[in-house]
Amino acid sequence: ICPTSKTCAYSYWRAGVLPLSLFFAALIQFQPALLGQLTAQELAIQTTELMLELQRYETQLEDYEFEYGFLDLRLLEPLQSIEIMYQSLGDYERVKSIQSRRLQITRTAVGLTHLDTVPLVEALVRTEMSLANWGQVSDHLEHLRTLAVANHGIDSEQAMLAQERQASWFMTRVYVDR
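A.B. asks: What's the story with the nonpolar core in this structure? I'm lost.
C.D. replies: Nonpolar side chains in soluble globular proteins tend to end up buried together. Ranked by size, the top nonpolar core spans eleven residues in total: Leu50, Leu54, Leu61, Leu75, Leu79, Ile82, Met85, Tyr86, Val95, Ile98 and Ile105. Mapped by element, the contributors of at least two residues to this core are helix 1 (6–68), helix 2 (76–89) and helix 3 (92–110). Every residue in contact with Leu50, bar those within four places of it in the chain, is listed here: Met85, Ser88 and Leu89. Ranked by size, the runner-up nonpolar core spans ten residues in total, among them Leu120, Val121, Val137 and Leu141.

A.B. asks: Can you walk me through the environment of Val121 in this structure?
C.D. replies: Take Val121: it is sitting in helix 4 (residues 118–130). For Val121, a relative accessible area of 0% corresponds to the buried category. Taking the C-alpha atoms as reference points, Val121 and Leu103, 18 residues apart in sequence, are found 7.4 Å from one another. Those residues in contact with Val121, other than ones at most four positions away along the chain, are Leu103, His140, His143, Leu144 and Leu147.

A.B. asks: Quick question: what am I supposed to make of the pattern of salt bridges here?
C.D. replies: Once their charged atoms are close, side chains differing in charge can pair, the charge on each being opposite to the other. This structure, assessed with the given rule, holds eight salt bridges. Across the salt bridge formed by Arg102 and Glu83, the nearest N and O atoms sit 2.5 Å from each other. Linking Arg102 in helix 3 with Glu83 in helix 2, this pair joins segments that are 19 residues apart in sequence. By relative accessible area, which is 11% here, Arg102 ends up buried. Residue Glu122 is joined to Arg165 by a salt bridge in which the shortest nitrogen-to-oxygen separation is 3.6 Å. In this pair, Glu122 is assigned in helix 4 and Arg165 in helix 6 (residues 157–176), connecting sequence segments 43 residues apart. In this structure Glu122 comes out as partly exposed when scored by relative accessible area, which is 27%. Among the charged side chains, a salt-bridge network with shared partners connects Glu93, Lys96 and Glu128.

A.B. asks: Please clarify how the packing of aromatic side chains should be interpreted in this entry.
C.D. replies: The relation between two aromatic rings is expressed through the spacing of the ring centres and the mutual angle of the planes. Under the counting rule described, the total for this entry stands at two aromatic pairs. Ring geometry for Tyr64 versus Tyr68: centroids 5.7 Å apart, planes at 75 degrees, classification edge-to-face. Here Tyr64 and its partner Tyr68 are both found in helix 1, four residues apart, which amounts to about one turn of the helix. Residue Tyr64 is classed as partly exposed on the basis of its relative accessible area of 24%. Taking 5.7 Å as the distance between ring centres and 45 degrees as the angle between the ring planes, the aromatic pair formed by Trp134 and Trp169 counts as tilted. Of this pair, Trp134 sits in helix 5 (residues 134–152) while Trp169 sits in helix 6, placing them 35 residues apart in sequence. A relative accessible area of 24% means that Trp134 is categorised as partly exposed.

What counts and what doesn't
- Residues numbered from 1 in each chain as written.
- Predicted model: local features only at pLDDT ≥ 70, side-chain atom pairs only at ≥ 80, totals over all residues.
- Heavy atoms only, no water.
- Core = buried A, V, L, I, M, F, W, Y, C linked by side-chain atoms within 4.5 Å.
- Buried < 20%, exposed > 50% of the residue type's maximum accessible area, 1.4 Å probe, protein only.
- Helix = DSSP H or I, 4+ residues; strand = E, 2+ residues; numbered from the N terminus.
- Contact = heavy atoms within 4.5 Å.
- Salt bridge = Lys/Arg side-chain N within 4 Å of Asp/Glu carboxyl O.
- Phe/Tyr/Trp six-rings, centres within 6.5 Å; stacked < 30°, edge-to-face > 60°.

Note that all results are geometric; they support no functional claim without further evidence.
Okay, here's the thing in structure tokens:
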């Protein structure tokens, strides 16, 4: 065996590279399984972190309720954060509950027909669609039309757009209900 010859050096190099390349070949073959395992572990870690963060916001909400009352506007911020967390978990029933509470607080604070309620009702429409509660979607779209008329007048562009959206929904609902 000659350590100075090029052939021998090449053989030693190949001897080191061959097991390494076999390792990479095996790694590539089993990569989906490893990624699936890593993804499951990462998902578990993310879910745990999300649940801890959710618990912190719920504790903050309880503190605010105790300090300021159940209908104070300061509750909207932690409620919105909790809503986002439940959305990321796909728990749309809880999202709907939080959205309804946010709407109740906003309506109590600023009035039944205030424009600040419009984004909240639109969010409820999206959530009800996710839950396939078609009757509730219709009710919320009617509420949006009523808000447009109350704030802008019956002949306003906003009222016409709300009515058009509602009519479009009713046409769509014919097919959804089948």
